[in-house]
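Observations on the model geometry
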Amino acid sequence: MARSPCDIRLLLLAAAVAFIYIQVRLFASQSHHAERLAEAVSNHSPAPPSIFLVFILNTGTLVQEKSESRCTSQLRSMIDQVSMQQEKIAALEEMKIRQDEERVQLKILIQDLEKRSLQTLVNKNVVPVAAVVIMACNRPDYLQRTVESILKYQKTVASKFPLFISQDGTNGDVKKKALSYTQITFMQHVDLEPMRTERPGELTAYYKIAKHYKWALDALFIKHNFDRVIILEDDMEIAPDFFDYFEVAAKLLDNDKTIMAVSSWNDNGQKQFVHDPKALYRSDFFPGLGWMLTKPTWMELSPKWPKAYWDDWVRLKEVHRDRQFIRPEVCRTYNFGEHGSSMGQFFQQYLEPIKLNDVHIDWNSEDLSYLKEDKFLIQFGEDVASATPLHRSDALLKAHNMNVDVRIQYDDQGDFERIARHFGIFEEWKDGVPRAAYKGVVVFRYKSSSRRIYLVGPDSLHQLGAKQG
C-alpha cells in the first residue's frame, strides 16, 4: 500500500527526535565521565589541576566529535532509506495508475466483444426463451467437454437459447478456449480485491463463486435484459431433451408463482433409483445443478445475495418462502466434476452413478398441468396414502420383498438418516428439509423398477391433506 506525504513527514520527525535524544544522552554521558575522571585525578595525582582539566576537555571533545560523526552518519543513513522508500512508493503509485488504466481498457474491450457477439447471436425476430450461461473459472478441459455437450443439442435452437460463458478470474487457457467458440458470448469477471472469509479456515472459493454468480446474473438480467436465465457449470453434460424441457418449463415459471425455479437435477437420480424419464415433481428443496429462474425472482434475490454458500442460502425457508422447485425423476444434466471447489465431495457415491436421460421426450406434447400446486398436492397425496404402509423394526426388510409401492415413516432427522443410509439415498437435510423432499416426503424407485418407496415424515400426510391408510 502506498504511503502518503504525511507518513514521510512523520518518519523524518521521528528521525530528528531520535537524533536530539542521542545528542542529549551523549552530552550527559560525557559530563558524567569527565566528573569521574577529574575526581580520580584529584585523589591520586599531584599534578596541577589545570593540566588534567585540559586533558579532560580535550578527551571529551574528541569523544563528542566521534559521537557526533557517528550520529550524523546514522541520520544520513535513515534519510537515505526514507528517500529510497519514497522513490519505491512513487514507482508503485505509477504502476497502479498504469494497471488501473489497463483494467479500464480491458473492461471496455470485453464489453465491446460481448455486445458484438450478442448482436450476432440473437435473432431479432425470435424472442429468446432463456439465456444459457456456463459458469467457468480455471478448468479449460472441463469447459471444453461441457461446451461440446451443449452445442450438440443447442445448434437447432440457438436463437431461443443464446449461449454465454462467464469466466471468473484471468486464467489464460480458459479465456482462450472460451473465445475460440464464435457462437458463444464471452463474459469475464475480474475482481482483484483480496477475498476475506467470515470465519477462520473457510475456503475463499465459495466466496468467489457467490460473487461471480451475482455479477453474471446481474449482467444477464439487468444489462442484457433477459426474461429468464439457465445456469450451468463448467463440469456438466446435458441430455438430448434439455432445451425442450426448459422451453416447456418456462411456461410453468411464468404461470405459477408458487414455483421459484426449475431444475434439471434430481439428488436421488442415481441409476438404481429412477425409472420414468417423463416424471416430474415439485420439491421444497432447491436442487441446483442446471436450473432456470426468471428476472422478477432474480430482482428479489440480487439485493440480498449472500457472500458465500449461495445454494444453501436459496434452500433457507425464509428465502424461498413456501415456493417450490420443479425437478425431474431422471436428470437432464450430468455432473462429471470430481475435482473442484467441493474437492470431489460425495462424487463416487452420489454423483458418478447419476443416470443422464438418453431418450428424447417431446415435451411440447406432454400435459404438465398436474404440476400446478393444487393438482400436484392432491395427486401426490393420494399416491403416498395408497402406498402400503410398513411399520415396526422389520419395515426395511419387507420393503425389499414386496412388489408394490410402500411407505415408511421416519420420526425425525436422525431416523430419516438411518433409513436413507440403508437404501443409499442422500441423507442430508437443509433447514429442516431432506434433499428432494416435498412436504417431508422423499420418493425414489426400487432397483430401477416402477415400484416407488416413499419415506414419509410424521406430519407429511397431514400436510398433503391425505388420509392415513
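Not measured: the values here are computed from a predicted model.

1. Structural notes on the overall build of the chain
Scanning the chain from terminus to terminus reveals 14 helices and 16 strands. Considering the chain as a whole, with its 469 residues, one finds that 43% of them fall into the buried category. For the chain, the proportion of contacts with a sequence separation of at least 24, taken over those separated by at least 6, is 73%. Summed over all atoms, the accessible surface of the chain reaches about 25,100 Å², with 54% contributed by carbon and sulfur.

2. A few points about helix α5 (residues 204-223)
Here α5 contains 20 residues, and its C-alpha end-to-end distance of 27 Å stays within 8% of the 28 Å for a straight helix at 1.5 Å per residue. Buried within α5 are the following residues: Y207, A210, H212, Y213, A216, L217, D218, A219, L220 and F221. Directly beyond the C-terminal end of α5, a positive phi value near 60 degrees is found at N225.

3. Some points on the sheet that holds strand β11 (residues 388-390)
Note: strands within a sheet are paired through backbone hydrogen bonds, in either parallel or antiparallel orientation. One open sheet accounts for four strands, arranged β11-β12-β16-β15; its pairing is mixed. Strands at the two margins of the open sheet, each flanked by one partner only, are β11 and β15 (442-445). When strand polarity is set aside, the average angle formed by the axes of neighbouring strands in this sheet is 25 degrees. Inspection of the sheet shows β15 paired to strand β16 (residues 452-456) by four bridges, in the antiparallel sense. Bridge pairing in β16 links R445 to R452.

4. Some remarks on the environment of Y281
With respect to the helices and strands, the residue Y281 is situated in strand β7 (residues 280-283). The sequence separation of Y281 and Y370 amounts to 89 residues, and the corresponding C-alpha distance is 9.4 Å. Those residues in contact with Y281 that lie beyond four places of it in its chain are F325, I326, R327, E329, L371, F376, F380, V443, R445 and R452. For Y281, the side chain forms a polar contact with the side chain of E329, separated by 3.1 Å.

5. Looking at the sheet that holds strand β2 (residues 163-168)
Taken together, eight strands build an open sheet; the order of strands is β3-β2-β1-β4-β8-β6-β9-β7 and the sheet is mixed. A strand with exactly one partner marks an edge of an open sheet, and here the two such strands are β3 (185-189) and β7. Between one strand and the next, the sheet's axes are offset by a mean angle of 25 degrees, whatever the strand orientation. Where strand β4 (residues 228-233) and strand β8 (residues 291-294) come together, four bridges link them in antiparallel fashion. Its bridge partner being in β8, V229 is matched across the sheet by L293. Sheet contacts for helix α4 (residues 172-179): β1 (131-136), β2 and β3; angle to β3, the most-contacted strand, approximately 160 degrees. Packed on one face of the sheet, α5 meets β1, β2, β3, β4 and β8 and runs near 135 degrees to β3.

6. Some remarks on the packing of helix α3 (residues 140-154) against α4
Angle between the axes and distance between the axes: these two values describe a pair of packed helices. Viewed as axis vectors pointing N to C, α3 and α4 meet at an angle of 20 degrees, and their least axial separation amounts to 9 Å. Between α3 and α4, the angle falls in the class roughly parallel. Every pair of crossing elements has a handedness; the one defined by α3 and α4 is right-handed. Counting all contacts with α3, which are made through P140, L143 and Q144, the residues of α4 involved are D173, V174, K177 and A178. Residue composition of the contact of α3 with α4, by class: four nonpolar, one polar and two charged.

Quick notes on the rules
- Residues numbered from 1 in each chain as written.
- Predicted model: local features only at pLDDT ≥ 70, side-chain atom pairs only at ≥ 80, totals over all residues.
- Heavy atoms only, no water.
- Helix = DSSP H or I, 4+ residues; strand = E, 2+ residues; numbered from the N terminus.
- Buried < 20%, exposed > 50% of the residue type's maximum accessible area, 1.4 Å probe, protein only.
- Contact = heavy atoms within 4.5 Å.
- Areas by Shrake-Rupley, 256 points an atom, 1.4 Å probe, with all protein chains shown as cover.
- Expected span 1.5 Å × (residues − 1).
- Pairing = 2+ DSSP bridges.
- Axes fitted to C-alpha atoms, helices over the stretch in contact; angles between N-to-C directions.
- Polar contact = N/O pair within 3.5 Å; in protein donor to acceptor, adjacent residues only side chain to side chain.
- Parallel < 35°, antiparallel > 145°, perpendicular 65-115°, else oblique.
- Left-handed = near helix turned anticlockwise from the far one by under 90°.
- Nonpolar A, V, L, I, M, F, W, Y, C, P; charged D, E, K, R; others polar.

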